[in-house]
Amino acid sequence: MEFITTAKASTVVLQLNGRFDAYAVEPVHAWLQEQIDLGNINVVVNLEGVNFMDLTALSTLMRGLKQCREKYGDLSLCCLQPPVRLIFELTQLDQVFHIYETEDEANENVRGLNQ
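Residues numbered from 1 in each chain as written. Predicted model: local features only at pLDDT ≥ 70, side-chain atom pairs only at ≥ 80, totals over all residues. Heavy atoms only, no water.

### Topic: helix α2 (residues 55-70)
Part 1 of the argument: Its 16 residues give α2 an end-to-end C-alpha distance of 22 Å, which sits within 8% of 22 Å, the value for a rise of 1.5 Å per residue.
Part 2 of the argument: Packed against the buried residues of α2 are β2 (11-20), α1 (25-37), β3 (42-53), β4 (74-78) and α3 (82-90).
Part 3 of the argument: Of the residues trailing α2, Y72 is marked for its positive phi of about 65°. (Helix = DSSP H or I, 4+ residues; strand = E, 2+ residues; numbered from the N terminus. Expected span 1.5 Å × (residues − 1). Contact = heavy atoms within 4.5 Å.)

### A word on the pairing of β2
Remember that side chains alternate between the two faces of the sheet whenever the strand is regular.
Part 1 of the argument: β2 sits mainly inside the fold: seven of its 10 residues count as buried.
Part 2 of the argument: For strand β1 (residues 2-8) and β2, the ladder comprises seven bridges, and the chain directions are antiparallel. Considered in β2, the bridge of T6 is made with V13.
Part 3 of the argument: Between β1 and the antiparallel strand that follows it, β2, lie two residues; A9 among them carries a positive phi value of about 30°.
Part 4 of the argument: With seven bridges joining them, β2 and β3 adopt parallel strand pairing. Considered in β3, the bridge of V13 is made with V44.
Part 5 of the argument: Since β2 and β3 lie parallel, the crossover through α1 that links them has a hand, and here it is right-handed. (Buried < 20%, exposed > 50% of the residue type's maximum accessible area, 1.4 Å probe, protein only. Pairing = 2+ DSSP bridges. Right-handed = clockwise from strand over helix to strand, strands pointing away.)

### What about the pairing of β3?
Part 1 of the argument: Alignment of β3 against β4, held across five bridges, turns out to be parallel. Across the sheet, the residue bridging to V44 is S76, located in β4.

### Notes on unusual backbone geometry
Part 1 of the argument: The phi dihedral of Y72 falls on the positive side, at around 65°, and the residue is not glycine.
Part 2 of the argument: What makes Y72 exposed here is its relative accessible area of 71%.
Part 3 of the argument: The backbone of C79 shows a phi angle near 60°, a positive value even though the residue is not glycine.

### Focus: α1
Part 1 of the argument: An ideal rise of 1.5 Å per residue puts 18 Å on 13 residues; α1 measures up with 18 Å between its terminal C-alpha atoms.
Part 2 of the argument: Among the residues of α1, those classed as buried are V25, V28, H29, W31, L32, Q35 and I36. Along the axis of α1, the buried positions cluster into a sector of 160°, meaning they face one direction only. α1 presents E26 and D37 as exposed residues on the side facing more than 90 degrees away from its buried surface. (Arc of directions from axis to C-beta.)

### Side note on the pattern of salt bridges
Where side chains of opposite charge bring their charged atoms close, a pairing between them can arise.
Part 1 of the argument: The tally for this structure, following the rule as stated, stands at four salt bridges.
Part 2 of the argument: A salt bridge links D21 to R19, with the shortest nitrogen-to-oxygen separation between them at 3.2 Å.
Part 3 of the argument: A relative accessible area of 9% means that D21 is categorised as buried.
Part 4 of the argument: Of the charged contacts, one joins E101 and R85 as a salt bridge, the two residues approaching to 3.2 Å between their closest N and O atoms. Taken together, the positions of E101 in the loop between β5 (98-100) and α4 (103-113) and R85 in helix α3 put the pair 16 residues apart, joining distant regions of the chain.
Part 5 of the argument: Overall, R85 belongs to the partly exposed group, its relative accessible area being 23%. (Salt bridge = Lys/Arg side-chain N within 4 Å of Asp/Glu carboxyl O.)

Here it is in structure tokens:
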């Protein structure tokens, strides 16, 4: 699993590439925790490069979402590939997360939520 981070206006973006599973969650969890500790509470996770996720990955994203929202921020998702989108739909987590088609759309809507 590789990830790329960028800062945009009022958000930080984490772009993941590869399998997002139990073997890859620790660095993602650590990054999310570090961002939240730094006060970066509006996070966009770009899953364009991810074609497989397991339940530990879902749990990591849920934990990050909870922590962001506790500090009045949000964790949004974008660019979900069909197999990953299906996981969110089957678990009904597509009703919990804000999910966007593009990274630009996610960044724009996060700013709108916090104004």
